[in-house]
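The primary structure of each chain is shown beneath.
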Amino acid sequence: MSAIQRLLSIMVRLRDPEAGCEWDKMQTFASIAPYTIEEAHEVADAIGRGDMDELRDELGDLLLQVVFHAQIAKDIGAFDFDDVVAAISDKMERRHPHIFGDVAEGGHHLWEQIKAEERKAKAARGTLDGVALGLPALMRAEKLQKRAARVGFDWPDAAGPRAKIDEELQEIADASPDTLEEEVGDLLFAVTNWARHLNVDAEAALRYANAKFERRFRAMESEAGESFAALDLEGKEALWQAVKRRGG
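Residues numbered from 1 in each chain as written. Predicted model: local features only at pLDDT ≥ 70, side-chain atom pairs only at ≥ 80, totals over all residues. Heavy atoms only, no water.

Chemist: What should I look at first to understand the environment of Cys21 in this one?
Modeler: Looking at the element boundaries, Cys21 is found in the loop between α1 (3-14) and α2 (22-25). Between the alpha carbons of Cys21 and Met11 there is a distance of 9.8 Å; along the sequence they are 10 residues apart. Non-local contacts of Cys21, meaning those with residues more than four positions away in its chain, are made with Arg13 and Leu14. (Helix = DSSP H or I, 4+ residues; strand = E, 2+ residues; numbered from the N terminus. Contact = heavy atoms within 4.5 Å.)

So, in structure tokens, the structure goes:
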């Protein structure tokens with residue numbers, strides 16, 4: 001039995017109506033979707049930390065999610081795991097005609113062109129259709145902006161979104177309590193747009209900033225010990241700057 005067949009067989013047993021696991025039997029696409037998203041983030045976290053043992057385990061957890069969804073689909077007669085594999089295999093070959101077909105040259109532009117043609121072939125679909133609602137908000141903002149840019153709705157250079165940030169900051173300053181959340185959202189969207197024009201992955205950049213903050217904060221706590229919480233803001237800031245100077 002192959003490794004993947006073993007995993008598929010395990011899922012079949014877990015979902016067995018008579019002898020399966022009570023928790024696994026009651027799951028639906030919707031109920032396990034949050035776990036699927038969580039596992040994808042844990043894969044990214046393991047990659048960010050360069051932990052290969054953890055990455056192996058997290059990729060396994062993510063693969064389990066694919067198998068779980070496929071088994072639920074099979075149980076209701078929609079599709080099965082083989083259909084999932086066939087669909088992605090077909091897509092990869094279709095989007096790489098320079099490798100699997102007779103096109104002379106490829107590259108990212110060809111990939112995007114083929115994707116655009118595929119979307120166009122689906123009837124009554126708008127430019128923004130297919131950008132998943134379940135994506136992290138920052139990542140989804142960038143994808144929405146890229147889609148809009150494909151049809152010409154975009155700033156010509158980074159100066160436009162940079163000026164928009166100043167505009168949004170002023171609107172936050174003028175906002176009422178009822179509109180403050182909306183205005184902060186507009187600012188985050190504008191910052192994401194500026195990052196895109198600077199060829200910076202906003203999601204990756206924020207992930208790095210989070211990791212840096214966590215690293216420095218933990219160093220502050222370690223250095224101050226039990227007295228950390230009792231320090232005033234000035235004392236904490238002095239600690240922060242000391243950790244920062246050391247390259248923390």
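There's plenty left to go through after this.
Chemist: Any chance you could explain the nonpolar core here in plain terms?
Modeler: The tendency in soluble globular proteins is for nonpolar side chains to be buried as a group. Core analysis: the largest hydrophobic core is formed by nine residues, namely Leu7, Leu8, Met11, Ile32, Val67, Phe68, Ala70, Ile72 and Phe81. Looking at this core, the elements with two or more residues in it are α1 and α4 (52-75). When residues in this core are grouped by element, the largest group, four residues, is from α4. If sequence neighbours within four positions are ignored, Ile32 has contacts with Gln27, Gln65, Phe68, His69 and Ile72. Counting six residues, the second-largest nonpolar core is a separate cluster that includes Met220, Ala224, Trp240 and Val243. (Core = buried A, V, L, I, M, F, W, Y, C linked by side-chain atoms within 4.5 Å. Buried < 20%, exposed > 50% of the residue type's maximum accessible area, 1.4 Å probe, protein only.)

Chemist: For this particular structure, what's the right way to read the side chain of Lys236?
Modeler: Along the chain, Lys236 turns up in helix α12 (residues 233-245). Buried Lys236, no salt bridge; nearest opposite-charge side chain is Asp232, N-O distance 6.8 Å. Within the structure, Lys236 has its side chain in polar contact with the backbone oxygen of Ala229 (distance 3.4 Å). Apart from residues lying up to four places away in sequence, Lys236 is in contact with Met220, Phe228, Ala229 and Leu231. (Lys, Arg positive; Asp, Glu negative; His and termini not counted. Salt bridge = Lys/Arg side-chain N within 4 Å of Asp/Glu carboxyl O. Polar contact = N/O pair within 3.5 Å; in protein donor to acceptor, adjacent residues only side chain to side chain.)

Shape is all these values report; function is a separate question.
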